[in-house]
Amino acid sequence: MKNKLYDMPIYMDYSATTPVDPRVAEKMIPYITEDFGNPASRSHPYGWTAEKAVENARKEIALLVNADPREIVWTSGATESNNLAIKGASNFYSKKGKHIITLATEHKAVIDAVRECERNGYEATYMEPEPNGLLDIEKFKSTIRPDTVLVSVMLVNNEIGVIQDITAIGNICRENNIIFHVDAAQATGKVKIDLETLPVDLMSFSAHKTYGPKGVGALYVRRKPRIRIEPQMHGGGHERGMRSGTLATHQIVGMGEAFRIAREEMDEENNRIKNLQAKLLKGLTEIEETYINGDLEKRVPHNLNISFNYVEGESLIMAIKGIAVSSGSACTSASLEPSYVLRALGRSDELAHSSIRFSIGRFTTESDVEFTIALLKEKIDKLRELSPLWEMFKDGVDLEKVEWAEH
Amino acid sequence: MAYSDKVLDHYENPRNVGSFNKDDSNVGTGMVGAPACGDVMKLQIKMGNDGIIEDAKFKTYGCGSAIASSSLVTEWLKGKSLDQASEIKNSAIAEELALPPVKIHCSVLAEDAIKAAVEDLKTKQK
């Protein structure tokens, strides 16, 4: 998708955010203007109309993940959902114990919420995944302690797109009477989710990763068996006391419509995107010395994370400014560390520095993919001509054995 | 990251990319940085019989500022004596390219590369 009006690059960063589907935007607009009522107003039709819209949207969220609408709590987004789930459940069940298990490759919203629990007297284990990004179930079992109260593992990873086996993890949690939270922000509309059968107690959702608006999300809180959480936001007792604050009707309506479209079009869309991914993969791996980050099979088709050896990530991003992608390179972030996700996979700093995440979606076309492949081939050639590491590699120098003058 | 026009120019059209034979007695090579840190600079200078640097080449693995810093110094080095070359300061590089604070280390690396190349050449000449 290219925005010709501003001559913007081709968008290949759908894992960062997605454009709001025009059908979603259209549905939202009346709830900003004429149907502006507060869904909590019980005494007049303004409130009733808004409440009806909110409850319809709640049904749509529930339908996509096969849950009961009463199990859906509105939040401001997946970050809030993760915080509410992790802090809310671990606090409520703290009598069971104060140990939390999560994965080193989780989103920062999970990692930092767990860190906050640590500051409040909890202990945490951050499990390292296997080199393919997946959690080893046997290793997971061995980290469980009698005082483990909560496990949090994401369904689809935001950087490398791998799909964790949450059924297996959840079953083990059930056997050990542990609350299981799943961050599904990157999963909706990409992976089938059936909470009727999945052994999951809490699940976080985001609207803007699935063609809905930013600023709205939801938390699934299981009713049978009932899971309790301590609210993190206090106030008027909205959302059955779990999350106070006036509901943002238009945002919620948008999320509902986005999830309805996801439910109806997911199969067809995934097939199309799978073909695009295959094309992109084939084209990019024709380039020498490329490494795919994360398992290729247990992965959503929307994501390709590739390291181009001997080329530095930020200079690569500069070179390919015709496309909008993100990099695991330190230089694209405020910190000077390369991607903690790629490091957790055991990737060397060099490969982590030279990684690019391509994430494609609803509006990606064949010609976008063809353009990307041609661009990458040309620019990587150019940057390798500039790279002393490439020259050494071509001369047969073992870079592992070089003594670098580190600064 | 918003770069200055000068950085972009050097990045888009890097000057003096390439290599000399590092075994030649009138060639000094400086290689600084480490792949793990995200930048490696290889800077080479070729000295004429008059003791003046007649040519310079570089190859850099690193961000846009690192590439621009090394490209810039290859231009500055030509026509300088070894002592004059050693006097090139990172602050001058950073100023010329208007490097943002987080990229100052790229200019430091370029200065280190010059020093290493000069040192290599002086050792060879002994």
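Here we summarise the structure given alongside this text.

Here is what the cut-offs are and how they apply
- Residues numbered from 1 in each chain as written.
- Chains lettered and ligands numbered in written order.
- Predicted model: local features only at pLDDT ≥ 70, side-chain atom pairs only at ≥ 80, totals over all residues.
- Helix = DSSP H or I, 4+ residues; strand = E, 2+ residues; numbered from the N terminus.
- Rg over C-alpha atoms; globule rule 2.2 N^0.38 Å.
- Buried ≥ 20, exposed ≤ 12 C-beta atoms within 10 Å, placed from the backbone.
- Contact = placed C-beta atoms within 7 Å.
- Pairing = 2+ DSSP bridges.
- Right-handed = clockwise from strand over helix to strand, strands pointing away.
- Arc of directions from axis to C-beta.
- Nonpolar A, V, L, I, M, F, W, Y, C, P; charged D, E, K, R; others polar.

**Things to note about the overall build of chain B**
- On a plain count of helices and strands, chain B comes out with five helices and three strands.
- Along the chain direction, N to C, the helices and strands of chain B fall in the order α-β-β-β-α-α-α-α.
- Computed over its C-alpha atoms, the radius of gyration of chain B comes to 14 Å, within 12% of the 14 Å expected for a compact globule of 126 residues.
- Per-residue burial for chain B yields a buried fraction of 50% across its 126 residues.
- In chain B, the share of contacts with a sequence separation of at least 24, taken over all contacts with a separation of at least 6, comes to 63%.

**Some words on the overall build of chain A**
- What chain A contains, in helices and strands, is 12 helices and 13 strands.
- Taking 2.2 N^0.38 as the reference for a compact globule, 407 residues should give roughly 22 Å; the C-alpha atoms of chain A span a radius of gyration of 22 Å, in line with that estimate.
- Reported as C-alpha extents along the three principal axes, the dimensions of chain A are approximately 75 × 55 × 35 Å.
- For chain A, buried positions account for 51% of its 407 residues.

**Overview of the pairing of strand 4 (residues 123-127) of chain A**
All names here are of chain A.
- Here strand 3 (residues 99-103) pairs with strand 4 via five bridges, running parallel. Residue leucine 103 lies in a different strand from strand 4, and its bridge partner there is methionine 127.
- Each parallel crossover has a hand, and the one from strand 3 via helix 4 (residues 108-119) to strand 4 is right-handed.

**Some words on the environment of isoleucine 67 of chain B**
- Here isoleucine 67 of chain B shows up in helix 2 (residues 64-77).
- Separated by 53 residues in sequence, isoleucine 67 of chain B and proline 14 of chain B place their C-alpha atoms 7.5 Å apart.
- Once residues lying within four places of it in the same chain are set aside, the contact partners of isoleucine 67 of chain B are Ser315 and Leu386 of chain A together with His10, Tyr11, Pro14, Thr60 and Gly62 of chain B.

**A word on the pairing of strand 6 (residues 179-183) of chain A**
Residue and element names in this part refer to chain A.
- Most of strand 6 sits inside the fold, with five of its five residues counted as buried.
- Covered by surrounding structure in strand 6 are Ile179, His181 and Asp183 together with Phe180 and Val182, the residues of both alternating faces.
- Sheet analysis places strand 5 (residues 148-152) next to strand 6, joined by three bridges and oriented parallel. Considered in strand 6, the bridge of leucine 150 is made with isoleucine 179.
- After leaving strand 5, the chain enters helix 6 (residues 166-175) and then returns to the sheet as strand 6, a path that is right-handed.
- Sheet topology places strand 6 next to strand 7 (residues 202-206); three bridges connect them, and they run parallel. Along strand 7, the bridge assignment pairs aspartate 183 with serine 204.

**Considerations on helix 1 (residues 5-12) of chain B**
- When helix 1 of chain B is considered as a whole, its buried residues turn out to be Val7, His10 and Tyr11 of chain B. For helix 1 of chain B, the angular spread of the buried residues around the axis is 100°, confining them to a single face. With respect to the buried face of helix 1 of chain B, the exposed residues turned more than 90 degrees away are Asp5 and Glu12 of chain B.
- Buried positions along helix 1 of chain B lie against helix 8 (313-319) of chain A together with helix 2 and helix 4 (90-97) of chain B.

**Some details on the interface of chain B and chain A**
- On the chain A side, the residues contacting the 24 residues of chain B number 22 residues.
- If you list the elements that add at least two residues to the side of chain B that touches chain A, you get strand 1 (27-34), strand 2 (39-47), strand 3 (53-61), helix 2 and helix 5 (104-125) of chain B.
- For the side of chain B that touches chain A, the element with the most residues is strand 1 of chain B, which contributes four residues.
- Residues belonging to the side of chain B that touches chain A are distributed by class as follows: 14 nonpolar, six polar and four charged.

Any link to function would need more than the numbers given here.
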